[in-house]
Amino acid sequence: MKDIGGLVYRMTFLLILITGLSFAQMNKSRNAGEVFKHRPDKPYENTDYSGEVVVKKTLYGLKFEDQSLSDDVKSRVESFFKRRLNGYTELKTYQLQIYKKNGKWYVDNTTF
């Protein structure tokens, strides 16, 4: 009887663990094609400061990790790279932080 009780306990634990993991992956705070989070992860978090774009700078231009971004966001990021700021001239993958403040967009602390 002890073996059956341990087996039931293990199976129940695995069922709860798998169910919890499946729900944890469904709660995304940022959908595809969105720069900013649509809901905060923490109660005091401001979603206007949560923008993020991952872009790869190649010899042939910019390649966005999320292809479904809006044209407005893509044009802002392209104009950011056209400024040729120090630290953004190498051909590699960049993770740009974007935030909105008083109606203006900032890409890595540069206004647009």
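My aim in this report is to walk through the structure given alongside it, one point at a time. Since the structure is predicted, the reported quantities are computational estimates derived from the model, not experimental observations.

### What to know about the overall build of the chain
- Regarding its fold elements, the chain presents two helices and five strands.
- Listing the helices and strands of the chain from first to last along the sequence gives α-β-β-α-β-β-β.
- Here the chain holds 112 residues, and 22% of them are scored as buried.
- Within the chain, counting contacts between residues at least 6 apart in sequence, those at least 24 apart form 49% of the total.
- Summed over all atoms, the accessible surface of the chain reaches about 8,600 Å², with 55% contributed by carbon and sulfur.

### Examining the pairing of strand 3 (residues 93-101)
- Summarising the sheet, strand 1 (residues 51-58) and strand 3 pair through six bridges and their orientation is antiparallel. The residue bridging V55 from the neighbouring strand is Y94, located in strand 3.
- Bridge analysis of strand 3 against strand 4 (residues 104-107) gives four bridges, and the strand direction is antiparallel. The residue of strand 4 that forms the bridge with I98 is V107.

### Things to note about the environment of I98
- On the secondary structure map, I98 appears in strand 3.
- Looking at I98, the relative accessible area reads 2%, which means it is buried.
- Sequence separation of I98 and D48 is 50 residues, and the distance between their C-alpha atoms is 8.5 Å.
- Not counting residues up to four positions away in its chain, the partners in contact with I98 are V35, F36, D48, Y49, S50, G51, E52, V53, V77, W105, Y106 and V107.

Parameters and conventions
- Residues numbered from 1 in each chain as written.
- Predicted model: local features only at pLDDT ≥ 70, side-chain atom pairs only at ≥ 80, totals over all residues.
- Heavy atoms only, no water.
- Helix = DSSP H or I, 4+ residues; strand = E, 2+ residues; numbered from the N terminus.
- Buried < 20%, exposed > 50% of the residue type's maximum accessible area, 1.4 Å probe, protein only.
- Contact = heavy atoms within 4.5 Å.
- Areas by Shrake-Rupley, 256 points an atom, 1.4 Å probe, with all protein chains shown as cover.
- Pairing = 2+ DSSP bridges.

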